[in-house]
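# Report on the structure
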Amino acid sequence: MKHAHLLAALLLALPAAAQQRAAVGDKVPDTTFPSFLNGDGRQKLSEFFGQPVMIDIWGTH
Amino acid sequence: MPSAIKHDHELKSRGLVSILVEAQGADAATLEAFLWKTFPDNDCFSCTGHAVPIPESAGIPHGAVIGVDGKLLWAGNPLADSKKIADLIEAELVKVKKGWGDSAEAKKVRAALYGRGDLFAATAIVAAMPDGESKTALQAEIDARYASAKNAIAALKDQGSFLAAHARAKDLLKDVGTRAEWVAEVTPLVAEFETPEAKSEIALERKLDKIVKQLRDKKGDNAPKALQALLKDGSNLKVGARAQRILTALQTPLKD
């Protein structure tokens, strides 16, 4: 029982993005980005509706 | 990274949004330092450590192209698929300009709204549509776009980008046309830039812009000294806070 509660808590703690990922052709689930450098107040992916979005995931090392 | 920045420079004015997500655990300060030192010409939306809901990848670089309607068009290694990415983006930018949707009205509304930023024209087309789901959905897009444009003015001011905020405010006043309730809301936003406080911010930002240009042109050896001098008069301003962030970034050593 205790383990079940722990598992439930862990699942709830997972970011929505980790639970649901879009495949090509799917609507991408909405997600809220952390504060942007060079932003304009838009933080949610859905706020860019109407414009194509290029996402580049990279590293500083 | 360089290709994303290049795309951003070339295509932002046509509507492309470029988002850089650092995925190796850098904190926000490290990210800012890295970008100012390595890619000072970067204007992309940039953030750290966010799980983007696209197909997982074993490594980086990794990326995605999302269409104007929010659907995933491509995901993978951007270095391996540069031609495909360019073609997909170009096709989406044509949609931005010409509109898209399942009816002629939807295309016209979206061409006005996203292609020309003409909120007034988009509203007029929607107003002439028969009541129904399509009309409601398109009106919601217009309302969201208007709210986002207003929010951008406040956000840009808050982060010390008064010149960009002023330009956005003037554009928005033009875009709302003669719709009275919007004009009544946007006119004071434009007027705020005529206050002594805003004029002080703008005067300081013009000086900051010269330093930023030197950094972008890779001629910023004296930038820290120039930023320190600028901060003597403007540290209490929002533009001063932005200058301080740049100075801190330039003074932050990067890890090997």
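Residues numbered from 1 in each chain as written. Chains lettered and ligands numbered in written order. Predicted model: local features only at pLDDT ≥ 70, side-chain atom pairs only at ≥ 80, totals over all residues. Heavy atoms only, no water.

Moving on, we come to the overall build of chain B. Assigned secondary structure in chain B consists of 11 helices and four strands. Counting only C-alpha atoms and orienting by the principal axes, one finds that chain B spans roughly 60 × 50 × 25 Å. Here chain B holds 256 residues, and the buried ones make up 45% of them. Long-range contacts, defined here as pairs at least 24 residues apart, represent 54% of the contacts in chain B between residues at least 6 apart. (Helix = DSSP H or I, 4+ residues; strand = E, 2+ residues; numbered from the N terminus. Buried < 20%, exposed > 50% of the residue type's maximum accessible area, 1.4 Å probe, protein only. Contact = heavy atoms within 4.5 Å.)

This part takes up the domain arrangement of chain B. Residue and element names in this part refer to chain B. As far as domains go, chain B holds domain 1 (2–95), domain 2 (99–194) and domain 3 (197–251). Here the C-alpha centroids of domain 2 and domain 3 sit 32 Å apart. Taking both partners together, domain 2 and domain 3 bury about 920 Å²; carbon and sulfur atoms supply 60% of that area. Of all residues in domain 2, the largest losses of buried area upon contact with domain 3 belong to Gly160, Phe162 and Leu163, amounting jointly to 56% of the total for that side. Between the two partners, domain 2 and domain 3, sit two salt bridges. Across the salt bridge formed by Lys199 and Glu194, the nearest N and O atoms sit 3.9 Å from each other. Inspection of the domain 2/domain 3 interface yields five residue pairs in polar contact (both at pLDDT 80 or more). (Domains from an automatic or database assignment. Buried area = accessible area lost by both parts, 1.4 Å probe. Salt bridge = Lys/Arg side-chain N within 4 Å of Asp/Glu carboxyl O. Polar contact = N/O pair within 3.5 Å; in protein donor to acceptor, adjacent residues only side chain to side chain.)

This part covers the interface of chain B and chain A. With 65 residues of chain B at the contact, the number on the chain A side is 38 residues. When chain B packs against chain A, close to 4,900 Å² is buried across both sides, 61% of that on carbon and sulfur atoms. It is Ile19, Phe45 and Pro53 of chain B in chain B that bury the most area against chain A; as a group they hold 15% of the surface buried on that side. On inspection of chain B and its partner chain A, the count reaches two salt bridges. Residues Arg21 of chain A and Glu56 of chain B are paired through a salt bridge, measuring 3.8 Å at the closest nitrogen-oxygen approach. In this structure, the connection of chain B to chain A is made through 29 residue pairs in polar contact (both at pLDDT 80 or more).

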